Amino acid sequence: MTKPTIVLTGAAGGVGGMLRPLLAARYRLILSDRTEPPADLTAEETWHTADLTDRAAVDELMRGADGLIHLGGQSVEADWQTVHDANIAGLWNIYDACRAEGVARIIFASSNHAVGFYPRTRRIGVDQAVRPDGLYGVSKAFGEALGSLFADKHGLRVMSIRIGNVAEKPADHRRLSIWLHPEDLAQLIDIGLTHPDIHHAIVYGASHNERAWWDNSAAFALGYAPKHHAEDHVDYAMAEQAKLPADPVGDLLQGGAFCADGFDGDL
Ligand code: 15L
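Attention in this report is confined to the structure presented alongside it. The model shown is predicted, which means the values in this text are computed figures rather than measured ones.

Conventions used here
- Numbers given to residues run from 1 along each chain, matching the order in which its sequence is written.
- In keeping with the predicted nature of the model, local features appear solely for residues at pLDDT of at least 70, side-chain atom pairs appear and are counted solely at 80 or more, and the whole-chain, interface and lining totals rest on all residues.
- Water and hydrogen atoms were dropped before computing side-chain values, which therefore reflect all heavy atoms in the structure.
- Criterion for a salt bridge: a side-chain nitrogen of Lys or Arg within 4 Å of a carboxyl oxygen of Asp or Glu.
- Only DSSP runs of H or I covering at least 4 residues are called helices, and only runs of E covering at least 2 are called strands; the numbering of each starts at the N terminus.
- To sort residues, take the accessible area from a 1.4 Å probe on protein chains only and compare it with the maximum for the residue type: under 20% means buried, over 50% means exposed, and anything in between is partly exposed.
- Pairing between two strands is assigned when DSSP locates at least 2 bridges connecting them.
- By convention, a crossover is right-handed whenever its connection, traced from the first strand over the helix to the second and viewed with the strands pointing away, goes clockwise.
- Whether a residue is near a molecule or strand depends on its heavy atoms: if one lies within 4 Å, it is near.
- Definition of a polar contact: a pair of N or O atoms within 3.5 Å, with one able to donate and the other able to accept a hydrogen when the atoms are protein atoms, and with sequence-neighbouring residues admitted only if both atoms are side-chain atoms.
- Each residue receives one of three labels: charged for Asp, Glu, Lys and Arg, nonpolar for Ala, Val, Leu, Ile, Met, Phe, Trp, Tyr, Cys and Pro, and polar for the others, Gly being one of them.
- Classification of ring pairs rests on two measures: the distance between centres of Phe, Tyr or Trp rings, Trp counted by its six-membered ring, which must be within 6.5 Å, and the angle between planes, read as stacked under 30 degrees, edge-to-face over 60 and tilted in between.
- Axes here mean lines fitted to C-alpha atoms, for a helix over just the part in contact, with angles spanning 0 to 180 degrees between N-to-C directions.

To continue, consider the pattern of salt bridges. Taken as a whole and judged by the stated rule, the model has 11 salt bridges. Put simply, R20 and D40 hold a salt bridge, and the shortest N to O gap is 3.3 Å. Here R20, found in helix α1 (residues 14-23), pairs with D40, found in the loop between β2 (28-33) and β3 (46-49); they are 20 residues apart in sequence, far enough to count as distant. On the basis of relative accessible area, R20 is assigned to the buried category, the value being 5%. Notably, a salt bridge pairs D190 with R26, separated by 2.9 Å at the nearest N-O pair. With a gap of 164 residues between them, D190 in helix α6 (residues 182-194) and R26 in the loop between α1 and β2 connect regions that are remote in the sequence. With a relative accessible area of 16%, D190 lands in the buried category. Among the charged side chains, a salt-bridge network with shared partners connects R55, D59, D96 and R99.

Once that is clear, we can look at the pairing of strand β5 (residues 105-111). The element β5 is largely enclosed, with a buried count of seven among its seven residues. Covered by surrounding structure in β5 are R105, I107, A109 and S111 together with I106, F108 and S110, the residues of both alternating faces. As paired elements, strand β4 (residues 67-70) and β5 share four bridges and run parallel to each other. Its bridge partner being in β5, G67 is matched across the sheet by R105. Since β4 and β5 lie parallel, the crossover through helix α3 (residues 80-101) that links them has a hand, and here it is right-handed. By the bridge criterion, seven bridges tie β5 to strand β6 (residues 157-163) in an arrangement that is parallel. Pairing of I106 across the sheet is with V158, part of β6.

A few words now on the site of the ligand. As a structural note, the neighbourhood of the ligand is formed by S75, V76, S111, N112, H113, Y136, G164, N165, R174, R175, I178 and F258. The separation between an oxygen atom of the ligand and a polar side-chain atom of S111 is 2.8 Å. The contact in question runs from an oxygen atom of the ligand to an N or O atom on the side chain of R174, over 2.7 Å. For the shell around the ligand, a count of residues per class yields four nonpolar, six polar and two charged.

Here we take up the packing of aromatic side chains. Within the structure shown, the criterion is met by six aromatic pairs. Taking 4.7 Å as the distance between ring centres and 15° as the angle between the ring planes, the aromatic pair formed by Y204 and W214 counts as stacked. In this pair, Y204 sits in strand β9 (residues 200-205) while W214 sits in the loop between β9 and α7 (217-221), placing the two residues 10 residues apart along the sequence. Judged by its relative accessible area of 4%, W214 is buried. Look at F220 and Y224: their rings are 6.2 Å apart centre to centre, the planes differ by 10°, and that puts the pair in the stacked class.

This paragraph deals with the sheet that holds β3. Spatial strand order, β3-β2-β1-β4-β5-β6-β9: seven strands in an open sheet with parallel pairing. The open sheet has two edge strands, β3 and β9, and neither has a second partner. Averaged over all pairs of adjacent strands, the angle between their axes in this sheet comes to 20°, without regard to strand direction. In the sheet, strand β1 (residues 5-9) pairs with β4 via four bridges, with the strands oriented parallel. Considered in β4, the bridge of T9 is made with H70.

Written out as structure tokens, the structure reads:
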């Protein structure tokens, strides 16, 4: 059977690099980023240099693809112009090119920063209102809204994954609650690319984290069964946390330092 052709944007980034070997067995990957191809490109992978703000280049990138995993764009907080160009205008290009080129499935890398201003004492599902913790978080909430629109109006099947922090191990105390092992992310992506019942699904991108702040029943209902446990790495995470200064704002809120950045409100 021929493998589905899947475009992976942001392929030169850290998360893209972790996913490539995990997805290669099941998909023919068209990798894309603004950069030149990485040195470790395999014979099965195709590289396509493209800037998300260039609509013609994005159309060409999507031509003939069965699905898209969109990791590209701005991945941390930045000034409005930077966030706008990559994650608002660029994301519009991505979605509208998928519609125009008949790309049926989209995995949108949303972020925990769409809901980062919820306190750590709250357990939230995917039905509560968004509470972005910066312009980057606002752009991720926009991306989820765009996914909903393109599913409702144009019949695309979209999964927005509110990714916590993708790494081999949880990097600190906060990440014990939001950690996502790359293999668990690959499992969520497989579900998003293949599950017959997906219209627009918002799920949390989290491994089996005993300290989770998120109710991920939306993902479990689609068959997600994370294999990795954050508490297996608790000693490492807490040792890393001990190296960090206290953050009187970020330590109270799910988004951490993103909330503290420029904060002059009331807690
Ligand atoms: C994100 O959305 C970022 O892309 C990533 O670099 C981390 O900062 C992560 O959130 C996090 O919250 O740890």
